[in-house]
Amino acid sequence: NNKEWQAAFFVIEQLEEAGFEAVVVGGAVRDALLDRPVHDVDVATNALPEEVKAVFKRTVDIGIQHGTVLVIVPAAPVEVTTYRTDGEYTDHRRPEAVHFVRSLKEDLQRRDFTMNAIAMRRDGSLVDYYGGQQDIEARVIRAVGEAQVRFAEDALRMLRAVRFSAQLGFSIEETTLQAMQAKAADIAFIAKERLKAELDKLWVGKDVYNGIKKLQESDLAVFLTGDFHAENWRGFCVQNKLFGWAYFALSQGEKWPDVLRSYRLSNKEMAFVKSALAAFHAFESGWTNLDYFTFREEELEAARYFAEFRQLDVPMPQESIQEAQAKLPIRQRQEIVVNGMDLLKWSGQKRGPWVKEALQSMLEAVVSGELQNERQQIKHWIEQTYIHKGENP
Ligand code: ATP
Ligand code: MG
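Criteria and cut-off values
Each chain has its residues counted from 1, running along the sequence as written. Here chains are named by letter from A upward and ligands by number from 1 upward, in the order in which they appear as written. Predicted model: local features are reported for residues with pLDDT of at least 70 only, side-chain atom pairs are reported and counted for 80 or more only, and whole-chain, interface and lining totals are derived from all residues. What counts as a helix is a DSSP run of H or I of at least four residues, what counts as a strand is a run of E of at least two, and both are numbered from the N terminus. The size measure is the radius of gyration over C-alpha atoms, and the globule rule it meets is 2.2 Å times the number of residues to the 0.38 power. Exposure is read from a count of other C-beta atoms within 10 Å of each residue's own; the residue is exposed at 12 or fewer, buried at 20 or more and partly exposed in between. C-beta atoms are placed from the backbone. The contact criterion used is a C-beta to C-beta distance within 7 Å, with each C-beta placed from the backbone. UniProt positions are given in the numbering used here, feature names are shortened, and annotations may be inferred rather than shown by experiment. Throughout this description, a residue near a molecule or strand is one whose C-beta atom, derived from the backbone, lies within 6 Å of it. For this classification, Asp, Glu, Lys and Arg are treated as charged, while Ala, Val, Leu, Ile, Met, Phe, Trp, Tyr, Cys and Pro are nonpolar and the rest, including Gly, are polar. The split into domains, and so the bounds of each, comes from an automatic or database assignment of domains. Pairing between strands is defined by DSSP: at least two bridges between the two strands are required. What counts as an axis is a line fitted to C-alpha atoms, over the stretch in contact for a helix, and the angles between N-to-C directions run from 0 to 180 degrees. Orientation labels follow simple angle bins: below 35 degrees gives roughly parallel, above 145 gives roughly antiparallel, 65 to 115 gives roughly perpendicular, and whatever is left gives oblique. Crossing handedness is defined as follows: a turn of the near helix away from the far one that is anticlockwise and smaller than a right angle gives a left-handed crossing, while the clockwise case is right-handed. To estimate how far a helix should reach, multiply one less than its number of residues by 1.5 Å. It is the directions from the helix axis to the C-beta atoms that the arc portrays. You can read pLDDT as the predictor saying how much it trusts each residue, on a scale of 0 to 100.

Caption draft 1: Examining the overall build of the protein more closely. Along its length, the protein carries 20 helices and 11 strands. A compact globule built from 393 residues would reach a C-alpha radius of gyration of about 21 Å, whereas the protein, at 28 Å, exceeds it by more than 25%. Seen through its C-alpha atoms, the protein measures out along the principal axes to roughly 90 × 50 × 35 Å. Across the 393 residues of the protein, 37% fall into the buried class. In the protein, once contacts between residues fewer than 6 apart in sequence are set aside, the share between residues at least 24 apart is 64%.

Structural data, given as C-alpha cells:
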C-alpha cells in the first residue's frame, strides 16, 4: 500500500525536520520483509504526544494515554506513537501505566515478537536489535526477551503467536512454545473482545490448520471456550472471518450459540452464523428451489464451502442465488400476486397461523412450477387445498 508508506515517510520527515527521531515499526516492517500486503504503517517517535501535535496541523487524539496520536496528512492518516515502555503488569493484561522513553531500543524491547520488533528508518535501513530478520528468514515466531516473563505480563501475546502462525504459516520457536505451555492458563485473564479480535484474524489466515495445531500444542485450546480439533481444519482457507466463526460453530454441536456468544459476537454476526449453518443443513437434507428465497448469497457461499470442504455427498448448486432465482417463475416472495388478505377473503376463515403456512406452501408450489402465479389459479388452488380440506379432513 504505497499511499500509506508515503504518508508515513512524510510524517517521519516532518518530525526529523523538527529535530526528533522517527521510524516505521511493527507489522508494516515485518510484512514488507515478507512481501505481504501492508495495511497500517505505524510510526514510532521520541517526540512526546504534545510535541507530535505541535509539529502537525491536523491530529486526532486516538490513544493519547498510550502515546498514540493520529496525524492527518494528504496521502493517508498515520498513527504516531511515542517510544514507550510498559509499566508494571499486575493482572496479566494491560500495563498499569506506560512510560514514555527517548530510546528506540527500549521501545522495541516491549514488543511481543522479534519479527514485530524491527524498525525502519526513512532511508530504508533497519534497526533490528533482537534478530527479527533472521527469525523471519527462518520463519519462526520468537518472543522478545524472556518468553515466560513476556507471557506473564500479557497473556494475549500467546494467542497472538498462534494467530501469527496461522497468518504467516510460521512455526513457534521451542522456548517460546514451552513458555506458552507454562502460561496457557493465564489466557483466562484476557477480555473476550481481545480474544475475538485475534480469532477474527486466525480464521482468515492462510494456514488455519497450523494455527489450530499450535493452539493445541501450546495447551491454549484447553483454556479457551469451545472445541478446537486441528483435524477439522486441515485445508480450511477463507477470506471472510464470519465463514470462520460459522465453521467453528459447526464443530461445537448444539452448544454453538453459547460458545460464540462467549466471544462477544454481535447480534448481526450471530445471525449470519445461524443462517449459514441452516443453509448447510439445507444442503444435507436436500436443497430445494425454495431455499433460494430463504438464504442470502453469502450464507449460501459459506454453506457451499463447508459442504465441499467436508466432501458432503450431496449435489450442490454451483449457481449463485441470483442466477438460480432468474430461472425460477418468480424472483422474490413479493412477486406472488396474492397476499394474506386475499386468502382470508377467499377462505372466509379467521386469521390464524394457517395463513402463514398457506402463504408458504403457495410460494413452494409457485416456485416449483406446480402452480402458476396468477390470481384465478391461485384462488382455485387455495379452495382445493385449504377450504375443502378444512371442511372435510
Ligand atoms: P497486524 O498485521 O495484524 O496489524 P501487527 O503486528 O501490526 O499485525 P498490531 O496489533 O497492529 O499487530 O500491533 C502493532 C505492533 O505493536 C506489533 O507489531 C507489536 O510490535 C506491538 N504489539 C501489539 N500488541 C502487542 C502486545 N500485546 N504485546 C507487545 N507488543 C505488542
Ligand atoms: Mg497492525
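Caption draft 2: Summary view of the UniProt feature "domain: CCA-adding enzyme C-terminal" (unreviewed entry) in the protein. As recorded in UniProt, the sites labelled "domain: CCA-adding enzyme C-terminal" (unreviewed entry) are residues 244-381. Secondary structure content for residues 244-381 is 63% helix and 0% strand, and the end C-alpha separation is 44 Å.

Caption draft 3: Up close: the site of ligand 1. Surrounding ligand 1, one finds G26, G27, D40, R111, D112, N116, A117, D154, L156, R157 and K201. Considered class by class, the residues forming the shell around ligand 1 number 2 nonpolar, 3 polar and 6 charged. Domain assignment of the residues forming the shell around ligand 1 places at least three in each of domain 1 (1-130) and domain 2 (139-237).

Caption draft 4: Here's a closer look at the sheet that holds strand β5 (residues 77-82). With mixed pairing, the 7 strands of this open sheet are ordered in space as β3-β4-β5-β2-β1-β8-β9. Edge positions in the sheet fall to β3 (59-63) and β9 (126-127), since each has one partner strand and no second. Pairing of strand β8 (residues 119-120) with β9, which is carried by 2 bridges, proceeds in the antiparallel orientation. Residue pairing across strands places A119 opposite V127, the latter belonging to β9. Across the sheet, helix α1 (residues 2-17) lies against β1 (22-25), β2 (42-45), β4 (68-72) and β5, angled at about 155 degrees from β1, the strand it touches most.

Caption draft 5: Inspection of the domain arrangement of the protein at higher detail. Looking at the assigned domains, one finds that the protein contains domain 1 (1-130), domain 2 (139-237) and domain 3 (333-391). Here the C-alpha centre of domain 3 lies 65 Å away from the C-alpha centre of domain 1.

Caption draft 6: Highlighting the packing of helix α12 (residues 241-250) against helix α16 (residues 297-309). Closest axis-to-axis distance for the α12/α16 pair is 10 Å, and the angle between their directions is 50 degrees. On the basis of their axis angle, the class for α12 and α16 is oblique. Considering only the axes of α12 and α16, their crossing is right-handed. Between α12 and α16, the residues in contact are F243, A246, Y247 and L250 and A302, Y305 and F306, respectively. Class assignment for the residues of the contact of α12 with α16 results in 7 nonpolar, no polar and no charged.

Caption draft 7: Quick peek at helix α9 (residues 192-203). Here α9 contains 12 residues, and its C-alpha end-to-end distance of 16 Å stays within 8% of the 16 Å for a straight helix at 1.5 Å per residue. Of the residues making up α9, those classed as buried are L195, E198, L199, L202 and W203. Taken around the axis of α9, the buried residues stretch over an arc of 135 degrees, which confines them to a single face. Next to the buried residues of α9 lie α7 (156-168), α10 (208-217) and α12.

Caption draft 8: Representation of the confidence of the model for the protein in the model. Looking at the protein, pLDDT values average 93 and 96% of them are 70 or higher. Here the predicted complex carries an ipTM of 0.99, next to a pTM of 0.90.

Caption draft 9: Examining helix α19 (residues 353-368) more closely. For α19, which comprises 16 residues, the first-to-last C-alpha distance of 23 Å matches the rise-based estimate of 22 Å (1.5 Å per residue) to within 8%. Listed as buried for α19 are A358, M362, V366 and V367. The arc enclosing the buried residues of α19, seen along the axis, measures out at 165 degrees, which places them on a common side. Opposite the buried face of α19, by more than 90 degrees, sit the exposed residues P353, K356 and E357. At the exit of α19 stands G369, carrying a positive phi of roughly 90 degrees.

Caption draft 10: A look at the packing of α12 against helix α14 (residues 267-284). α14 packs onto α12 with a crossing angle of 60 degrees between their chain directions and a minimal axis gap of 9 Å. One finds that α12 runs oblique with respect to α14. Of the two elements, α12 crosses α14, and the hand of that crossing is right-handed. The residues of α14 that touch α12, namely those facing L242, W245, A246, A249 and L250, are E269, F272, V273, A276, L277 and F280.

Caption draft 11: Representation of the pairing of β2 within the structure. As judged from the 4 bridges shared by β1 and β2, these two strands associate in the antiparallel manner. Among the inter-strand pairings, A22 is bridged to a residue of β2, identified as T45. Taken together, the 3 bridges between β2 and β5 define a ladder with parallel strand orientation. Counterpart to A44 in the pairing with β5 is T81.

Caption draft 12: Just the environment of Q332, in detail. Within the secondary structure layout, Q332 lies in the loop between α17 (321-327) and α18 (340-347). The exposure class of Q332 is exposed, given the 9 C-beta atoms found within 10 Å. For Q332 and F293, which are 39 residues apart along the polypeptide, the C-alpha to C-alpha distance reads 6.8 Å.

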